[in-house]
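A closer look at the structure
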Amino acid sequence: MNKICHIASILVLSLMVSCNHKQIVSSENYMIFDEVVYATQFPINVTLADAEDTGFDIIGINNFQLLDSMLFISSRERDGFWQFFSMNDKRLKGKILSLGQGPNEFFFPVSDGNVFSFENNTESLYGYIFDNQHGYVYQIDVDASLSEGEIVMSILSKDLPNSVVSCKVIDGHTYLCREIVEGAKRQVRYVLNDGKKLVPEVLEKLNRAMVADISNGLDHNIISSMIQRQGGRFLESMPYLNYVNIYSLDGKLGKTICMDEKLLDINSVQALPDGLRNYVSISERAFERFFGVATYNHTWMEWELGTFRGSQIKLFDWEGQPLAVINLDRFVSAFDIDFKRGELYVLSLREDEFVKYDINELLHQLGV
């Protein structure tokens, strides 16, 4: 009975969030799909305040990700800025990758989710890095690197242009790229397969978006996005826009989820000074059954003034329907879920904290 009621409440919410909105289609002013879901109400609303320290002794974290039995950390260390810890005993398993100008070295720590990812197959855990300084795509055998004590890395692709700002590996021959073009007014997505560019229709809709004026040199960031892949599905969130896009390259999935009553248009955001632009989200995470987006809705000026505003993590299924909203008492720079232990891990760069919350009850309610 509870499951039936839960499904019914989601259906009611689906009708509530999708109706009574003016039809808006993809254009230069809206980086959206034809189907837009307006998700302003959630069947589950929880507030978490009892944070615990994660128990990992790590200094200078830039980003993190939970990889089954391991915790991955991208740190600010010069030598070994990629670090891997055991989730069981919290001990360091090893460090790889260093800063420098030599072979297999990087100018900056690799921490931007747009340029790295992990894939775990039956043989090993692999990491993929797009080095836009050199235009290389690397494959790293993480398990072999940790066991042998030295980096086991190969180059999958070379000579990608510096204008490519994001490259997500689909397989060893295929990549989803996003490139700045037309004098930085537009960012286009395409599939690179054995060196050939393909633009599926689903990507063409998003590629229509552009900024009208780049006189201040920064406005192209309005249409920047964070991209994550979960199997054949992709999730994009835009820091300055109040919606996310989910899609598959075959076009079977293509939806926009607006997290407000009205879609923000690119021109209205561009008309605001940098300090007054609302910064909507900075972190997202794609899971098998659902995805989450961390939102906080503050301006850069409020950030500089130290204005406190707690974050929310909003969870949606892959149909774009709202599942739950998690209210937190801190700024969320990155998050992930340990489904085995029922814990939400949160990194807060503002507070320089790496904490976790017990979400066993929430996962139970979600049927996970």
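This report concerns the structure included in the present document. (Residues numbered from 1 in each chain as written. Predicted model: local features only at pLDDT ≥ 70, side-chain atom pairs only at ≥ 80, totals over all residues. Heavy atoms only, no water.)

A few words now on the overall build of the protein chain. A tally of regular secondary structure across the protein chain gives 6 helices and 27 strands. Taken over 368 residues, the protein chain has a buried fraction of 54%. (Helix = DSSP H or I, 4+ residues; strand = E, 2+ residues; numbered from the N terminus. Buried < 20%, exposed > 50% of the residue type's maximum accessible area, 1.4 Å probe, protein only.)

With that settled, the discussion passes to the nonpolar core. Counting 34 residues, the largest nonpolar core has W82, F84, F118 and I129 as its most contacted members. Broken down by element, this core gets its largest block of residues, 5 residues, from strand β10 (residues 125–131). Residues within four places of F118 in sequence aside, it is in contact with Q65, L67, F72, W82, F84, L125, Y126, G127 and V142. Grouped together as the second largest cluster of nonpolar side chains are 30 residues, L206, F234, C258 and Y296 included. (Core = buried A, V, L, I, M, F, W, Y, C linked by side-chain atoms within 4.5 Å. Contact = heavy atoms within 4.5 Å.)

To continue, consider the sheet that holds strand β1 (residues 35–38). The strand order across the open sheet built from 5 strands is β1-β20-β19-β18-β17, with neighbouring strands paired in mixed fashion. Of all strands in the sheet, those bounded by a partner on one side alone are β1 and β17 (226–230). This sheet shows a mean twist of 20° between the axes of neighbouring strands, independent of strand direction. Bridging between strand β19 (residues 243–248) and strand β20 (residues 254–258) involves 5 bridges; their strand directions are antiparallel. If you follow I246 over to β20, its bridge partner there is K255. (Pairing = 2+ DSSP bridges. Axes fitted to C-alpha atoms, helices over the stretch in contact; angles between N-to-C directions.)

This structure, assessed with the given rule, holds 15 salt bridges. Across the pair E35 and K255 runs a salt bridge whose closest N-O atoms are separated by 3.7 Å. Placement of E35 in strand β1 and of K255 in strand β20 is noted, with a sequence separation of 220 residues between them. Classification of E35 as partly exposed rests on a relative accessible area of 41%. In the salt-bridge network here, residues are joined through shared partners; they are E35, K255 and E319. (Salt bridge = Lys/Arg side-chain N within 4 Å of Asp/Glu carboxyl O.)

Let us now look at the side chain of S166. For S166, the position within the fold is in strand β13 (residues 164–171). Taking relative accessible area as the criterion, S166 reaches 0% and is therefore assigned buried. For S166, the side chain forms a polar contact with the main-chain oxygen of N114, separated by 3.3 Å. Every residue in contact with S166, bar those within four places of it in the chain, is listed here: N114, F130, L176, C177, R178 and I227. (Polar contact = N/O pair within 3.5 Å; in protein donor to acceptor, adjacent residues only side chain to side chain.)

With that out of the way, let us pick up the environment of S311. Counting through the fold element by element, S311 comes out in the loop between α5 (300–305) and β23 (312–317). A C-alpha to C-alpha distance of 9.2 Å links S311 and S281, two positions 30 residues apart in sequence. With residues up to four places along the chain from it excluded, the contact list for S311 reads T295, Y296, I326, N327, L328, R330, F331 and V332. A distance of 3.2 Å separates a polar side-chain atom of S311 from the backbone oxygen of R330.

So, about the pairing of β23. With 5 of its 6 residues buried, β23 lies for the most part within the structure. Of the pairings in the sheet, the one linking strand β22 (residues 290–299) to β23 comprises 6 bridges and is antiparallel in character. In the sheet register, F291 faces β23, and the bridge partner there is F316. Between the end of β23 and the start of strand β24 (residues 322–328), which pair antiparallel, lie 4 residues, with G320 showing a positive phi angle near 90°.

On to the environment of F56, then. Among the structural elements, F56 can be located in the loop between β3 (52–53) and β4 (61–67). Its relative accessible area of 7% is what places F56 among the buried residues. The spatial distance from the C-alpha of F56 to the C-alpha of V355 is 9.5 Å, given a sequence separation of 299 residues. When sequence neighbours within four positions are dropped, the list of residues in contact with F56 reads L71, F85, S86, M87, K90, Y345 and F354.

Take a negative patch on the surface next. A cluster of acidic side chains, namely D50, E52, D53 and D358, defines a negative patch on the protein surface. With respect to the element layout, D50 can be found in the loop between β2 (44–48) and β3. For D50, a relative accessible area of 68% corresponds to the exposed category. (Patch = residues over 30% accessible without salt bridge, like charges linked within 9 Å, V, L, I, M, F, W, Y side chains within 5 Å. Areas by Shrake-Rupley, 256 points an atom, 1.4 Å probe, with all protein chains shown as cover. Lys, Arg positive; Asp, Glu negative; His and termini not counted. Charge placed at Lys NZ, Arg CZ, Asp CG, Glu CD.)

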